[in-house]
Amino acid sequence: MGQDTQPPEEDRSDVPERVSGDEPLLAARVHRPSDLMRLLAGLLAIGLVIAIAAFAHATTSGLEEDINKGAVGAPDVFVKIAGLVSSIAVLLVPVAFAIERLIKRDGLRIADGVLAAVLAHGVTLATDLWVAQAAPGTIQDALTQPQSGGGLTDPVHNYLAPVIAYMTAVGMARRPRWRVSLWAVLLLDAFTMLVAGYTTALSIILTVLIGWTVAYGTLYAVGSPNVRPTGQTLLAGLRRVGFKPVTALRAEGVPDSADSGDRGRRYIVTLEHGPPLDVTVVDREQQAHGFFYRVWRRITLRTITTRRSIVSLRQALEQEALLAYAAIAAGANAPKLIATSELGPDAVMLVYEHIGGRSVDSLDDAEITDELVRSAFRQVRALQSRRIAHRRLTGDAILVDRAGRVILTELRGGEIAAGDIILRMDVAQLLTTLGLRVGAERAVAAAVEVLGPDTVADCLPLLQPIALSRSTRATLRKQARERSAREREAVLAASEAAKHERELAKAAAHGGPESVQTETKAEKKADKKAEKRALDTALDEAREEDLLSQIRQQVLLIRPQAPVEPVRLERIKPRTLVSLIAGAVAAYFLLSQIARTPLSTVSQADWRWVATAVVFSALSYVAAAMALVGFVPERVGFWRTVVAQVAGSFVKIVAPAAVGGVALNTRFLQRAGVRPGLAVASVGASQLFQLGVHIMLLLSFGYLTGTEKSQSFTPSRTVIAGLLTVAVLVLVATAIPFMRKFVSTRLRSLFAGVVPRMLDVLQRPMKLVTGIGGMLLLTAAFVFCLDASIRAFGHGTATVSYASVAVVFLAGNALGSAAPTPGGVGAVEGALTLGLVAVGLPIEVATPAVLLYRLLTLWVPVLPGWICFNWLTRRGAL
């Protein structure tokens, strides 16, 4: 399937079985997404148990009382015997399993179990220490109970959790007899401890969860032993279903798909007698490929367009076999399935008759004829006549054999008894797949000829990127980038030509090139308007329609009344989901900070210092405008730039701090007449200089903070530790090949765009002074705003030095820029509060001071920012 191979005709009865030496070696260990999901589920369950222990004190106390009452009637002899037997068996059963695995030469699995047990023991010790010394009293009461001899029981059992971690990591749960025996012993041990009063119910649950979670975390971190079947296993499996294989050749050029799992490993198998076979091997690891992408699609898309993200190997085998038989029964050309079988507990194989052919993706454009395109639509028509959906009609799923027949492969992701929307999505997908190769006009003409105009018109509402396959969307995005590059080049060329023509016209009108330099201000303004009109005209002329728009236009020529309004397939848009989460986080932190601040503290604030903080907050927008225009050699209106910085206050709430401002400033400069590439370079140069100034100021003020209370001028330990950390990170980045390549790629792009722009700025000293001065003024405005907020609540007694405030602000601002939350919400507040407390400010003053500072610099400017954003948008400045 996917490779043209002529079957050898000589007799192979005496040829030994072999697998192609070109088969890629399988990795010794694999990181299973299922282990990560179980790890996350375990952490969530542990958090839930601790929350129940902390907030449901009455429930946990009642449960303990009920257990104690029920344990009173248990015979003491029975409890002691059961405890002795379970204590011995809980150690003997894992040891017996380890001996059995070592005899079968499976020592790596035992090593994984031992590592998980050691880590689980460490986690239990840490948990016991936390509960005993730092946890709230309700948690301690729920996880422990008093002992008769004094003291408390252990919150987590130091031997039970490692045993569970070991059992899970070595895979005892996949062997029924071992699983039953071990769980019986564990349950007996837990029962005896509970009845004897040595533990609580929540303690046992937490112990099991810790062992289970640590085991899967260990397996995901170090990787599980790879049990994927090899080519030799495949040959043995073929013999079991009656074939006599000779060789197995791994098919090349078969891409993986994340749309509905990996498509499996392909082999072309030659037999002693008869034609060769196409064999697909699917195992659990391949099936897990793209799992998180499928989960995300299932969350964001409506259920009518999504399939189950998790299916068993047996279900996948049955689904593909059913689709293969149903497609042939419908009259479509599909590979004939002749055998299926399991290859052990973790893999299955599907045996097809061999198809010698090439995929549409591998054909040259000249080889894709109109008849071939029509034949592809005929296959889809045959499937849809029995309401069968393919759901993966990409170029590599459509094969053309030596006779020119079109054959549909990759049926595993299909559906029978499919709904109308799914069938229409197939038509939209095939139109796009073939349109990418032959153009919209030929693809639509062939579809109308085969399927009819009504069927083709009905697919227009599904002709949207979200309804297409992942690989198709990637191709469309690539074309969009290429199209944008061509449009940009055409606009730049047209702009240069128009500018040259205007200069020639001016020279002719004024009598020579020298007189052009004396043109009036009105003439310069007219030149700018003419240049803008020329750019708009050139952009309109250079604009190219994307493929989906071209397909819609071709269909509308045939059916003008066809519906074009896209069907809503998304349950929720990613941007909306991120905004909701960010808004909820922001509201939580804001309300929690307000709740922690007593009204009496607010009423006692010194409003003169509050007014001073307001002034410095407003001054920061002027400074931000200076920091931007200082790195733009072109003339940009200063006060309009100030308004744009105020508008950035609104953008920061709906996007991370390091992203929203950069995007808004870049867009603002482009609309102000700066070329797109130069606008990006200007903003990049400003950000690079700002980073350098930020680091320099942080080190300088940190140095001063460490020496202000000492006689000798020596740097603080914090600064030295920070410098050593930076040095270690640089060494790591340069020592690891992947990190070195990552850093060099980014630096290369930086020097290719930003550095030349910086050289342009260096030729204008006043611009450079404005930019750097704006950055220093911006930092000073924020530092003085934070200091004024502190003095508003400190009443002259609880204040710290300017150097300490500057260090706290710079560190908090760095965390806010790195935090993914809008405006750095949460990260900045926590960092500033902890920093102020660390430099000696009482928390009763630090908390309201940080709240006031964030209100003035983040929350209060939101409404003015929204007004400025809309004003600039209406005027075409954004």
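A quick note: this is a predicted structure, and the numbers were derived from the prediction, not measured.

> If you had to explain helix 9 (residues 231–240) to someone new, which residues and values would you point to?
Those residues of helix 9 not exposed but buried are Gly-231, Leu-234, Leu-235, Gly-237 and Leu-238. Within helix 9, the buried residues cover an arc of 160° as seen down the axis, which keeps them to one side. Gly-242 occupies a position one or two residues after helix 9 and carries a positive phi of about 100°.

> Quick rundown of the packing of helix 1 (residues 33–55) against helix 8 (residues 201–222)? Include the residues and the values.
Two numbers describe how helix 1 lies on helix 8: the axes approach to 8 Å, and their chain directions differ by 155°. Relative to helix 8, the element helix 1 lies roughly antiparallel. Here the hand of the crossing between helix 1 and helix 8 comes out left-handed. Along the contact surface, helix 1 presents Asp-35, Leu-36, Arg-38, Leu-39, Gly-42, Leu-43, Ala-45, Ile-46, Val-49, Ile-52 and Ala-53, while helix 8 presents Leu-202, Ile-205, Leu-206, Leu-209, Ile-210, Trp-212, Thr-213, Tyr-216, Gly-217, Leu-219 and Tyr-220.

> How would you summarise the packing of aromatic side chains if you had to cite specific residues and measurements?
One pass over the full model with this rule turns up five aromatic pairs. Relative to Trp-639, the ring of Phe-638 has its centre 5.2 Å away and its plane inclined at 75°; by these criteria the two rings are edge-to-face. With a centroid separation of 5.7 Å and an interplanar angle of 85°, the aromatic rings of Phe-784 and Tyr-802 are classed as edge-to-face. One end of the pair, Phe-784, is in helix 29 (residues 765–794); the other, Tyr-802, is in helix 30 (residues 802–818), and 18 residues separate them in sequence. Judged by relative accessible area, Phe-784 falls into the partly exposed class, the value being 34%. The rings of Phe-616, Phe-784 and Tyr-802 are connected pair by pair, giving a single aromatic cluster. The ring of Tyr-267 has Arg-250 lying over it, and the distance from NZ or CZ to the ring centre is 5.9 Å. Sitting above the plane of the Trp-609 ring, Arg-791 keeps its charged end 5.6 Å from the centroid.

> Run through the side chain of Arg-265, naming residues and quoting values.
Within the element layout of this structure, Arg-265 appears in strand 5 (residues 265–271). By relative accessible area, which is 2% here, Arg-265 ends up buried.

> Account for the packing of helix 23 (residues 607–629) against helix 32 (residues 843–859), naming residues and giving values.
In the contact formed by helix 23 and helix 32, the axes pass within 9 Å of each other and the chain directions differ by 40°. When the interaxial angle is binned, helix 23 and helix 32 end up oblique. Regarding helix 23 and helix 32, the two cross each other, and that crossing is right-handed. Contact residues: Val-610, Ala-613, Val-614, Ser-617 and Tyr-621 in helix 23; Leu-852, Leu-856 and Thr-857 in helix 32.

> Provide a residue-level description of the pattern of salt bridges, including the pertinent values.
Considering all chains together, one arrives at 16 salt bridges under this definition. Close ionic contact of Arg-266 with Glu-410 constitutes a salt bridge, the shortest N to O distance being 2.5 Å. Taken together, the residues Arg-266 in strand 5 and Glu-410 in the loop between strand 12 (406–408) and strand 13 (415–416) connect sequence positions 144 residues apart. Under the relative-accessibility criterion, Arg-266 is labelled buried at 7%.

> Tell me about the sheet that holds strand 12, and name the residues and values.
With antiparallel pairing, the three strands of this open sheet are ordered in space as 9-11-12. Edge positions in the sheet fall to strand 9 (357–359) and strand 12, since each of these pairs with one other strand and no more. Averaged over all adjacent pairs, the angle separating strand axes in this sheet is 35°, with direction ignored. Two strands pair when backbone bridges link them, and strand 9 and strand 11 (residues 398–401) are joined in this way by three bridges, in the antiparallel orientation. Residue pairing for strand 11: Arg-358 is matched across the bridge by Val-400. Strand contacts of helix 13 (residues 370–385): strand 11 and strand 12, with the helix running at about 40° to strand 12, the strand carrying the most contacts.

> Go over the nonpolar core, please, and point to the residues and values.
In terms of nonpolar packing, the biggest core is built from 57 residues, with Phe-377, Leu-431 and Ile-551 touching the most fellow members. Core analysis: the next-biggest nonpolar cluster, separate from the first, contains 38 residues, Val-610, Met-775, Val-808 and Leu-852 among them.

> Which residues make up the pairing of strand 6 (residues 277–283), and what values go with them?
Of all seven residues in strand 6, seven are buried; the element is thus mostly enclosed. Burial along strand 6 is two-sided: the residues Leu-277, Val-279, Val-281 and Asp-283 and Asp-278, Thr-280 and Val-282 are all buried. In textbook terms, the turn of a hairpin is the stretch between consecutive antiparallel strands, and for strand 5 and strand 6 this stretch comprises five residues, one of which, Gly-274, has a positive phi near 100°. Sheet analysis places strand 6 next to strand 8 (residues 347–353), joined by seven bridges and oriented antiparallel. Each bridged residue has a counterpart across the sheet, and for Val-281 the counterpart in strand 8 is Met-349.

> Please set out the side chain of Arg-392 residue by residue, giving values where relevant.
Relative to the elements of secondary structure, Arg-392 occurs in the loop between strand 10 (388–389) and strand 11. A polar side-chain atom of Arg-392 sits 3.4 Å from a polar atom in the side chain of Glu-410.

> Kindly report on helix 31 (residues 827–838), identifying the contributing residues and their values.
Spanning twelve residues, helix 31 covers 16 Å between terminal C-alpha atoms, matching the ideal 16 Å at 1.5 Å per step. Those residues of helix 31 lying buried are Val-828, Glu-829, Ala-831, Leu-832, Thr-833, Gly-835 and Leu-836. Directly after helix 31, the chain includes Gly-840, whose backbone phi takes a positive value near 110°.

> Explain unusual backbone geometry to me, and be specific about the residues and the numbers.
Phi is positive for Arg-387, close to 55°, though the residue is something other than glycine. Mapped onto the elements of the fold, Arg-387 is located in the loop between helix 13 and strand 10. Arg-387 sits in the partly exposed class, given a relative accessible area of 35%. We note that Arg-391 has phi near 75°; this positive angle belongs to a residue other than glycine. Mapped onto the secondary structure, Arg-391 falls in the loop between strand 10 and strand 11. Judged by relative accessible area, Arg-391 falls into the buried class, the value being 16%.

Thresholds, definitions, all that
Residues numbered from 1 in each chain as written. Predicted model: local features only at pLDDT ≥ 70, side-chain atom pairs only at ≥ 80, totals over all residues. Heavy atoms only, no water. Buried < 20%, exposed > 50% of the residue type's maximum accessible area, 1.4 Å probe, protein only. Helix = DSSP H or I, 4+ residues; strand = E, 2+ residues; numbered from the N terminus. Arc of directions from axis to C-beta. Axes fitted to C-alpha atoms, helices over the stretch in contact; angles between N-to-C directions. Parallel < 35°, antiparallel > 145°, perpendicular 65-115°, else oblique. Left-handed = near helix turned anticlockwise from the far one by under 90°. Contact = heavy atoms within 4.5 Å. Phe/Tyr/Trp six-rings, centres within 6.5 Å; stacked < 30°, edge-to-face > 60°. Lys NZ or Arg CZ within 6 Å of the ring centre and 35° of its normal. Salt bridge = Lys/Arg side-chain N within 4 Å of Asp/Glu carboxyl O. Pairing = 2+ DSSP bridges. Core = buried A, V, L, I, M, F, W, Y, C linked by side-chain atoms within 4.5 Å. Polar contact = N/O pair within 3.5 Å; in protein donor to acceptor, adjacent residues only side chain to side chain. Expected span 1.5 Å × (residues − 1).

Remember that the coordinates give geometry; whether it matters functionally is a separate question.
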